[in-house]
Amino acid sequence: MSLKTPKLTVVGAGPGDIDLITVKAIKVLKTADVVLYDALVNEELLDYINPEAEQIFVGKRRGCYRYQQEQINELIVERAKTSGHVVRLKGGDSFIFGRGAEEMEYAANNGLETAIVPGISSSLAVPAYQNIPLTKRGSSESFWVITGTTKEHKISSDVELAAKSNATVVVLMGMSKLPQIVKLFQAEGKNNLPVAIIQEGTTVNEKIGIGTVDTIENVVAENELRNPAIIVLGNVVKHRQAILDIQQEYASDIK
């Protein structure tokens, strides 16, 4: 049994670009006795961890789970009670479809101190890196962030509600449900609504496909887009091309 106070800190690692982790997150990693990290975490961030800390990969790769969620919960408690400060390093923001709240609740119910360090969510940062604002005056007054796939492996009913709105819609974990998403937006007469799909956003492997509700499935096939990716539906997607056009025109004027 460790003499240190058993503690869990859930840390958001950001969307992929190593520079998008917060200063506070780096400080916490340096105090860790144990770090449990996921597959979507940029492994370059592991260099910031206390060199004496134990590092445990608990993520999922290619559909293969190293640990089930129940095992991760138990591992957090066991390591905290034997080693002290456990940092749970998770991609994006841990409170945006990251199960960070569940892990904190389990830890608290087992006598651990808990803390949270927010991360930059991929739902915000990935479109921004492609010059796609989620809100823009005259185009979008609000935005939805929805999981495309529920814990029952079905499409979220919120997608249908979002399709009826004028808001920007961001769907995470929705690539397998893209045909269903397309049909819901087509049912609302939004066949020509711009759509962007961004794979591995903010990383060196980033890929993007731009189309409309009617064409996006072909765009995905042509560009071989796959998970991890996010789907952005809304007129704000046009801003990306507008910026590119302005930059190209400016570059031509200089020449």
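Model, not experiment: these values are computed from the prediction.

The rules we used
- Residues numbered from 1 in each chain as written.
- Predicted model: local features only at pLDDT ≥ 70, side-chain atom pairs only at ≥ 80, totals over all residues.
- Heavy atoms only, no water.
- Helix = DSSP H or I, 4+ residues; strand = E, 2+ residues; numbered from the N terminus.
- Buried < 20%, exposed > 50% of the residue type's maximum accessible area, 1.4 Å probe, protein only.
- Contact = heavy atoms within 4.5 Å.
- Core = buried A, V, L, I, M, F, W, Y, C linked by side-chain atoms within 4.5 Å.
- Arc of directions from axis to C-beta.
- Polar contact = N/O pair within 3.5 Å; in protein donor to acceptor, adjacent residues only side chain to side chain.
- Patch = residues over 30% accessible without salt bridge, like charges linked within 9 Å, V, L, I, M, F, W, Y side chains within 5 Å.
- Areas by Shrake-Rupley, 256 points an atom, 1.4 Å probe, with all protein chains shown as cover.
- Salt bridge = Lys/Arg side-chain N within 4 Å of Asp/Glu carboxyl O.
- 1 Å grid on protein atoms, 1.4 Å probe; cavity = no way out; pocket = protein on both sides within 12 Å on 5 of 7 lines; lining within 4 Å.
- Points joined across faces, edges and corners; volume = space filled by probe spheres on them.
- Nonpolar A, V, L, I, M, F, W, Y, C, P; charged D, E, K, R; others polar.
- Axes fitted to C-alpha atoms, helices over the stretch in contact; angles between N-to-C directions.
- Parallel < 35°, antiparallel > 145°, perpendicular 65-115°, else oblique.
- Left-handed = near helix turned anticlockwise from the far one by under 90°.

## Description of the overall build of the protein chain
In step 1: If you tally the helices and strands in the protein chain, you get 8 helices and 12 strands.
In step 2: Along the longest, intermediate and shortest principal axes, the C-alpha atoms of the protein chain span 65 × 50 × 30 Å.
In step 3: Going through the 255 residues of the protein chain one by one, you find that 47% of them count as buried.
In step 4: Nonlocal contacts in the protein chain, meaning residues at least 24 apart in sequence, comprise 66% of its contacts between residues at least 6 apart.

## What about the nonpolar core?
In step 1: I181, F185, I197, I216, I231 and L233 are the most contacted members of the largest nonpolar core, which has 23 residues in total.
In step 2: Within the residue set of this core, elements represented by two or more residues are α5 (158-163), β9 (168-172), α6 (178-187), β10 (194-199), α7 (216-223) and β12 (229-233).
In step 3: Of all the elements, α6 adds the most residues to this core, at 4 residues.
In step 4: With sequence-adjacent residues up to four places away left out, I216 is seen in contact with L178, V182, V195, I197, G209, I210 and G211.
In step 5: Of all hydrophobic cores here, the second largest spans 20 residues; its members include V11, A32, V41 and V117.

## What about α6?
In step 1: All buried positions along α6 are accounted for by L178, I181, V182 and F185. The buried residues of α6 all sit within an arc of 100° when viewed along its axis, so they share a single face. More than 90 degrees from the buried face of α6, the exposed residues found are K183 and A187.
In step 2: Phi for G189, located one or two positions after α6, is positive at around 75°.

## A few points about the side chain of Q199
In step 1: The residue Q199 is located in strand β10 in this model.
In step 2: Exposure remark for Q199: the relative accessible area of 2% places this residue in the buried category.
In step 3: Separated by 2.8 Å, the side chain of Q199 and the backbone nitrogen of R226 make a polar contact.
In step 4: Aside from chain neighbours lying at most four places away, what touches Q199 is N205, E206, K207, E224, L225, R226, P228 and A229.

## Considerations on a nonpolar patch on the surface
In step 1: Judged by side-chain polarity, I96, F97 and M173 come together as a nonpolar surface patch covering roughly 260 Å² of accessible area.
In step 2: Taking the relative accessible area as the measure of exposure, M173 reaches 42% and is therefore partly exposed.

## Let's talk about empty space enclosed by the protein
In step 1: Inspection of the entire model under this criterion finds 1 cavity of 30 Å³ or more.
In step 2: Put simply, the largest cavity is a space of about 30 Å³.
In step 3: As for the largest cavity, its lining consists of A13, G14, G16, D17, L40, V41, N42 and L45.
In step 4: For the lining of the largest cavity, a count of residues per class yields 4 nonpolar, 3 polar and 1 charged.

## Brief notes about the packing of helix α2 (residues 69-83) against helix α3 (residues 100-109)
In step 1: Between α2 and α3, the least distance of the axes is 10 Å, while the angle of their chain directions is 45°. Regarding the angle of α2 to α3, the classification is oblique. In this structure, the crossing between α2 and α3 has a hand that is right-handed. Residues Q69, I72, N73, E74, I76 and V77 of α2 form the contact with α3, whose own contacting residues are E103, Y106 and A107.
In step 2: The residue inventory of the contact of α2 with α3, partitioned by class, reads 5 nonpolar, 2 polar and 2 charged.

## Re unusual backbone geometry
In step 1: Omega for the peptide link from N227 to P228 comes to -5°, which places this bond in the cis form.
In step 2: Its location among the elements puts P228 in the loop between α7 and β12.
In step 3: The phi dihedral of M173 falls on the positive side, at around 55°, and the residue is not glycine.
In step 4: Examined against the element boundaries, M173 turns out to sit in the loop between β9 and α6.
In step 5: Positive phi, normally seen in glycine, also occurs at E200, with a value near 50°.
In step 6: You can see E200 is positioned in the loop between β10 and β11 (207-212).
In step 7: Judged by relative accessible area, E200 falls into the partly exposed class, the value being 21%.

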